[in-house]
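# Residue-level structure breakdown
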Amino acid sequence: AEAERLAAGTANSLVWVSSDTLIVRPPELFELGLSHDAAFRPVHIRNVGLPATAPLDGFWSRVCDAVWLSDIDQLVESYVDGQTIRAYFNSHSFSVNPTLGLLRAWRESFEETVSDNEFQAGPCSDEIHRVFLHQAVLSAVIVRSVLPGRLRILPPEYSYPYNLHSSIPDERRAKSLDDLVTVVYEGRSLDPGDMTDIQVGPELRSWLLANGRPGPVSV
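The text that follows walks through the structure, step by step, so that each part is easy to find.

Each value, and the rule that gives it
Residues numbered from 1 in each chain as written. Predicted model: local features only at pLDDT ≥ 70, side-chain atom pairs only at ≥ 80, totals over all residues. Heavy atoms only, no water. Core = buried A, V, L, I, M, F, W, Y, C linked by side-chain atoms within 4.5 Å. Buried < 20%, exposed > 50% of the residue type's maximum accessible area, 1.4 Å probe, protein only. Helix = DSSP H or I, 4+ residues; strand = E, 2+ residues; numbered from the N terminus. Contact = heavy atoms within 4.5 Å. Polar contact = N/O pair within 3.5 Å; in protein donor to acceptor, adjacent residues only side chain to side chain. Salt bridge = Lys/Arg side-chain N within 4 Å of Asp/Glu carboxyl O. Pairing = 2+ DSSP bridges. Axes fitted to C-alpha atoms, helices over the stretch in contact; angles between N-to-C directions.

This part is about the nonpolar core. Side chains that are nonpolar tend, in soluble globular proteins, to be buried together. By size, the foremost hydrophobic cluster in this structure holds 36 residues, and its most contacted members are Phe40, Phe59, Trp60, Val63, Phe89, Val96 and Ile142. Within the residue set of this core, elements represented by two or more residues are strand S3 (38–40), helix H2 (58–66), strand S6 (93–96), helix H3 (102–114) and helix H6 (133–145). The contacts of valine 96, once residues within four sequence positions are left out, are Glu4, Asn12, Ser13, Leu14, Leu32, Asp37, Ala38, Phe40, Leu102 and Leu103. Within the second largest apolar cluster, 18 residues are counted, among which are Tyr79, Val80, Tyr185 and Ile198.

Right, here's the structure in full:
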């Protein structure tokens, strides 16, 4: 939110990339240009997401209230388990237009829900809802503030969940690391000798051998 405040009026694309992400190729779709206001990937798995036909539960109702939204009327498909759910976005890496104040709205609404003792003791009392509350609030902010035509849904080559690689259906599972743009490794080794379940090209393999230590890395 603070980075967004500083960047407002000086740029049209502010990019967040978490430290457990490997950048393999230039992430050009993070550049929003004049045609988009935000770029996100849907979540990898449904976890606290709501199926498309399910009514709002107590958790999502409070999240919607926090951002002045009556319902979440957009749908996405979770990448790994292939479920159609109400819009629920991954937060490993994304891009926003800082002038719109989306991240500042996210912070304010998140603080509101965290400070709501009744909500925390009720619909948000279990671990999974508490862990993913920030992501749910962010998703509601995006639905509330960004028109569908102004939201770029990034392709699977972005934020590819290598940490969930074995759970991805064969038809969607990446064959080569070189084909991806940004890769979430989240605890998995980046030593090519350990990466026996995905192909790694010679140039990338050499770079990883020299640089692929634990911690944030990029190519």
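Now that the structure has been shown, the text picks up again.
Turning to H2, a few remarks are in order. Considered for burial, the residues of H2 that qualify are Phe59, Trp60, Arg62, Val63, Cys64 and Ala66. Of the surrounding elements, those touching the buried residues of H2 are H3, helix H4 (117–121), helix H5 (127–131) and H6. By the N-cap criterion, in which a side-chain oxygen at the helix start approaches the backbone nitrogen of a residue two or three places on, H2 is capped by aspartate 57, the distance to phenylalanine 59 being 3.3 Å. Looking one or two residues past H2, tryptophan 68 carries a phi angle of roughly 60 degrees, positive in sign.

Now for the pattern of salt bridges. Enumeration over the complete set of coordinates arrives at eight salt bridges. Of the charged contacts in the structure, one is a salt bridge between arginine 86 and aspartate 71, with a shortest N-O distance of 3.2 Å. With a gap of 15 residues between them, arginine 86 in strand S5 (residues 84–86) and aspartate 71 in the loop between H2 and strand S4 (75–77) connect regions that are remote in the sequence. The class for arginine 86 is buried, based on a relative accessible area of 10%. Exposure remark for aspartate 71: the relative accessible area of 30% places this residue in the partly exposed category. Among the charged side chains, a salt-bridge network with shared partners connects Arg62, Glu112 and Asp116.

Turning next to the environment of leucine 151. Within the secondary structure layout, leucine 151 lies in strand S7 (residues 151–153). For the pair leucine 151 and serine 35, spaced 116 residues apart in the sequence, the C-alpha separation amounts to 8.9 Å. Leucine 151 has contacts with His36, Ala38, Ala39, Phe40, Gln74, Phe89, Ile142 and Val146, leaving out every residue within four places of it along the chain.

On to the sheet that holds S7. Within the open sheet, the four strands sit side by side as S1-S6-S3-S7. Their pairing is mixed. In this open sheet, the two strands that pair with only one neighbour each are strand S1 (14–17) and S7. Taking the axes of each pair of neighbouring strands and ignoring which way they run, one obtains an average angle of 15 degrees across the sheet. When S3 meets S6, the two strands line up antiparallel, connected through two bridges. Opposite alanine 39, over in S6, you have serine 95 as the bridge partner. Where H3 meets the sheet, its contacts fall on S1, S3 and S6, and the angle it forms with S6 comes to roughly 115 degrees.

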